[in-house]
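# Close look at the chain arrangement
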Amino acid sequence: MTALMIQGTGSNVGKSLLVAGLCRAARRRGIRVAPFKPQNMSNNAAVTPDGAEIGRAQALQALASGIDPQADMNPVLLKPETDRGAQVILQGRAIARAEARDYQTLKPRLLAGVLDSFARLSAAHDLVIVEGAGSPAEVNLRPRDIANMGFARAAGVPVVLAGDIDRGGVIAQIVGTQAVIDPQDAAMIRGFLINKFRGDPSLFDDGYRMIEARTGWPGFGVLPWFPGAHRLPAEDAMDLRGGRGDGLHVVCLTLSRIANFDDLDPLAAEPGLRLTMLPPGRAIPGDADLVILPGTKSTLGDLAFLRAQGWDIDLAAHHRRGGHVLGICGGYQMLGRLIDDPSGADGQAGRVEGLGLLDVTTLMAPDKRVTRAEGRALGQPVSGYEIHMGRTSGPDCARPFAHIPDPDGAISPDGRVMGSYLHGLFSDDGFRAAFLARLGAPSQPGYGAAVEAALDDLADHLEAHLDVPGLLAVAR
């Protein structure tokens with residue numbers, strides 16, 4: 001077994017992109033490499049070819065490695081449903097809903113699954129590059145940790161610690177991590193690197209040497225800010241950004257439990273389109289051409305959240321003005337007349353009126369549909385995946401949005417309100433062009449090729465500024 005783990009001094013320090021870049025760099029050396037993240041928390045999920053759920057970041061890292069994503073790459077995925085509770089996915093399948101306190105009692109079972117997945121992945125590849133979660137310095141969580149040092153110690157995987165200089169205090173981040181963690185945990189760390197530097201890296205030479213002197217850990221380099229990061233799918237809703245075009249104005253409602261928001265990445269990449277990620281508390285702009293209701297981990301909860309922002313009134317006005325509306329997955333369910341949840345599969349049991357922009361109703365049920373799908377929509381090939389609870393039916397389903405191969409979604413009689421369960425649909429160049437053409441906007445092909453090029457650029461960036469051979473040599 002040969003493996004290396006990248007842990008961070010905090011969340012959002014760039015671990016996911018570091019792992020993706022190292023996977024691509026290893027692949028270009030002819031190494032059979034695979035990514036691994038013991039535990040992830042995200043509502044941005046991907047679906048594997050066999051219908052399992054993993055974090056979207058691990059799917060991108062698999063792409064960087066040149067292999068299909070699989071459940072073993074992210075054996076534990078937590079999908080937040082409320083501020084205190086989440087759905088627990090183990091090796092690709094939902095096994096429980098757990099409050100934060102209750103989740104701790106699941107940890108022994110989950111660690112066994114994590115180690116099982118890691119063993120299978122290691123047996124099938126020359127190198128496994130592991131991504132931590134949060135920070136090992138969260139020592140209050142260490143006793144039952146499965147995401148950072150708990151995993152590294154159990155699996156015997158050496159660690160490199162990444163600090164984020166962009167947020168400030170990187171010397172304290174790294175030196176402080178060593179100061180608070182258990183000495184045996186600290187012994188797993190083989191070195192550090194500095195991420196997200198802006199300006200002249202030589203200005204940090206003294207600080208770099210100070211970290212080496214204070215910790216005794218060797219440094220593997222200072223990595224400047226990667227300017228191509230916006231060309232890669234974002235893992236966290238905090239990283240959502242709008243497009244910079246000045247043509248068709250597309251507005252996406254940033255729901256409180258927004259999920260699978262990488263559906264929007266191909267639109268954000270369109271130069272002739274302006275994408276606005278509308279935050280809570282702001283009205284839907286009057287110049288919006290298309291409003292998107294995205295996926296959500298809590299349809300009923302986010303329907304209430306939408307109404308609390310006054311967006312239901314804005315949507316009705318937008319439609320009266322001749323605007324277009326697209327609902328994806330949970331957003332599609334909200335557009336109907338009624339959501340019936342007799343068993344409380346999505347939260348509290350009951351019936352809730354929808355927005356009434358589509359003549360459909362949704363019946364929630366505990367069973368969950370997770371599958372890849374492909375077919376045709378708007379006369380073009382389309383592919384993606386479904387990941388949802390509930391079934392939707394009604395008169396507007398007689399005008400399906402797509403056939404994948406069975407009819408999917410619904411379109412209103414005037415053609416301006418559409419809903420679909422298909423995630424990832426805009427990644428197909430032909431469909432995206434046909435969809436935007438109906439709104440009078442041009443499209444630029446080559447989205448998939450652009451992501452591949454960005455991964456190559458990321459690997460080049462790491463090779464130019466970090467000791468990549470040294471990092472790979474740390475693996476054992």
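Model, not experiment: these values are computed from the prediction.

## A few points about the packing of helix H5 (residues 170-180) against helix H7 (residues 205-215)
Look at H5 against H7: their axes get within 10 Å of each other, and the N-to-C directions meet at 10°. Here H5 is positioned roughly parallel relative to H7, judged by the angle of their axes. In this structure, H5 contributes Val-170, Ile-171, Ile-174, Val-175 and Gln-178 to the contact, and H7 contributes Gly-207, Met-210, Ile-211, Arg-214 and Thr-215. In terms of residue class, the contact of H5 with H7 is made up of six nonpolar, three polar and one charged.

## Focus: the nonpolar core
Ranked by internal contacts, the top residues of the largest apolar core, which has 59 residues, are Leu-253, Ile-292, Leu-293, Leu-306, Leu-315, Leu-326 and Phe-435. The biggest single contributor to this core is strand S13 (residues 248-253), with five residues. Not counting the four nearest positions on each side in its chain, Leu-326 is found in contact with Leu-290, Val-291, Ile-292, Leu-293, Leu-335, Phe-401, Met-418, Phe-426 and Phe-435. Counting 43 residues, the second-largest nonpolar core is a separate cluster that includes Leu-90, Leu-106, Met-149 and Val-222.

## A short note on the pairing of strand S10 (residues 159-164)
A large share of S10 lies buried, amounting to six of its six residues. Residues Val-159, Leu-161 and Gly-163 point to one face of S10 and Val-160, Ala-162 and Asp-164 to the other, with burial holding for every one of them. Bridge count between S10 and strand S11 (residues 189-197): six bridges; the pairing is parallel. Each residue of the ladder has a partner; that of Ala-162, found in S11, is Leu-193.

## Observations regarding the sheet that holds S13
Read from one edge to the other, the open sheet built from six strands follows the order S15-S13-S16-S18-S26-S25, with strand pairing classed as mixed. In the strand order of this sheet, the two ends are held by strand S15 (273-278) and strand S25 (410-411), each with one partner. As paired strands, strand S18 (residues 324-328) and strand S26 (residues 417-420) are joined by four bridges and run parallel to one another. Bridge pairing links Leu-326 to Met-418 in S26. Here helix H10 (residues 311-320) sits on the sheet and contacts S13, S15, strand S16 (290-293), S18 and S26; the angle it forms with S16, its principal contact strand, is near 140°.

## What to know about helix H3 (residues 100-124)
Here H3 spans 34 Å end to end across 25 residues, near enough to the 36 Å set by a 1.5 Å rise per residue. When the local axis directions of H3 are compared, the greatest deviation, roughly 50°, occurs at Leu-106, which is followed within four positions by the proline Pro-108. Of all the positions in H3, only Tyr-103, Leu-106, Lys-107, Leu-110, Gly-113, Val-114, Ser-117, Phe-118, Leu-121 and Ser-122 are classed as buried.

## Overview of the packing of aromatic side chains
All chains considered together, the criterion is met by 11 aromatic pairs. Both rings, one in Phe-192 and one in Tyr-208, keep their centres 5.2 Å apart while their planes meet at 55°; by these two values the pair is tilted. Residue Phe-192 is found in strand S11, and its partner Tyr-208 is found in helix H7; the two are separated by 16 residues along the sequence. Both residues of the pair, Phe-192 and Tyr-208, count as buried. When the centroid spacing of 5.9 Å and the interplanar angle of 35° are considered together, the rings of Phe-426 and Phe-431 count as tilted. The same class applies to Phe-426 as to Phe-431, namely buried. A connected cluster of aromatic rings, assembled from ring pairs, spans Phe-401, Phe-426, Phe-431 and Phe-435. Of note, Arg-198 hangs over the ring of Trp-225, and the distance from its end group to the ring centre comes to 3.7 Å.

## Quick look at the pairing of S11
Within a regular strand, side chains alternate between the sheet's two faces. Across the nine residues that make up S11, a large majority, eight, are buried. Note: S11 against strand S12 (residues 219-224), three bridges, orientation parallel. Bridging from a neighbouring strand, Ile-194 pairs with Val-222 of S12. Handedness of the S11-H7-S12 crossover: right-handed.

## Some details on the side chain of Thr-48
Following the sequence through the fold, Thr-48 ends up in the loop between strand S4 (45-47) and strand S5 (53-55). A distance of 2.4 Å separates a polar atom in the side chain of Thr-48 from a polar atom in the side chain of Asp-50. Those residues in contact with Thr-48 that lie beyond four places of it in its chain are Ile-54, Pro-69, Gln-70, Ala-71 and Arg-372.

## Some remarks on the sheet that holds strand S2 (residues 33-36)
Taken together, six strands build an open sheet; the order of strands is S2-S9-S1-S10-S11-S12 and the sheet is parallel. Both edges of this open sheet fall to S2 and S12, since each of them pairs with a single strand only. If you compare each strand with its neighbour and ignore which way they point, the axes differ by 20° on average. In terms of strand pairing, strand S1 (residues 3-8) meets S10 through four bridges, oriented parallel. Across the sheet, the residue bridging to Ile-6 is Val-160, located in S10. Lying over the sheet, H3 contacts S1, S2 and strand S9 (127-131), oriented at roughly 170° with respect to S2. Relative to S10, H5 is tilted by about 150°, and along the sheet it contacts S10 and S11.

## Brief notes about the pattern of salt bridges
Evaluated as defined, the whole model comprises 31 salt bridges. Notably, a salt bridge pairs Asp-185 with Arg-142, separated by 2.7 Å at the nearest N-O pair. You can see Asp-185 sitting in helix H6 (residues 183-186) and its partner Arg-142 sitting in the loop between S9 and helix H4 (149-155), a full 43 residues away along the chain. Here Asp-185 falls in the buried class, since its relative accessible area comes to 2%. For Asp-340, the salt bridge goes to Arg-351, with nearest N and O atoms at 3.3 Å. Of this pair, Asp-340 sits in strand S19 (residues 338-341) while Arg-351 is found in strand S20 (residues 350-353), placing the two residues 11 residues apart along the sequence. Classification of Asp-340 as buried rests on a relative accessible area of 17%. Judged by its relative accessible area of 59%, Arg-351 falls in the exposed class. One continuous salt-bridge network, built from bridges that share partners, spans Arg-24, Arg-28, Glu-452, Asp-456 and Asp-460.

What counts and how
- Residues numbered from 1 in each chain as written.
- Predicted model: local features only at pLDDT ≥ 70, side-chain atom pairs only at ≥ 80, totals over all residues.
- Heavy atoms only, no water.
- Axes fitted to C-alpha atoms, helices over the stretch in contact; angles between N-to-C directions.
- Helix = DSSP H or I, 4+ residues; strand = E, 2+ residues; numbered from the N terminus.
- Parallel < 35°, antiparallel > 145°, perpendicular 65-115°, else oblique.
- Contact = heavy atoms within 4.5 Å.
- Nonpolar A, V, L, I, M, F, W, Y, C, P; charged D, E, K, R; others polar.
- Core = buried A, V, L, I, M, F, W, Y, C linked by side-chain atoms within 4.5 Å.
- Buried < 20%, exposed > 50% of the residue type's maximum accessible area, 1.4 Å probe, protein only.
- Pairing = 2+ DSSP bridges.
- Expected span 1.5 Å × (residues − 1).
- Bend = angle between axes of the 7 residues up to and from the residue.
- Phe/Tyr/Trp six-rings, centres within 6.5 Å; stacked < 30°, edge-to-face > 60°.
- Lys NZ or Arg CZ within 6 Å of the ring centre and 35° of its normal.
- Right-handed = clockwise from strand over helix to strand, strands pointing away.
- Polar contact = N/O pair within 3.5 Å; in protein donor to acceptor, adjacent residues only side chain to side chain.
- Salt bridge = Lys/Arg side-chain N within 4 Å of Asp/Glu carboxyl O.

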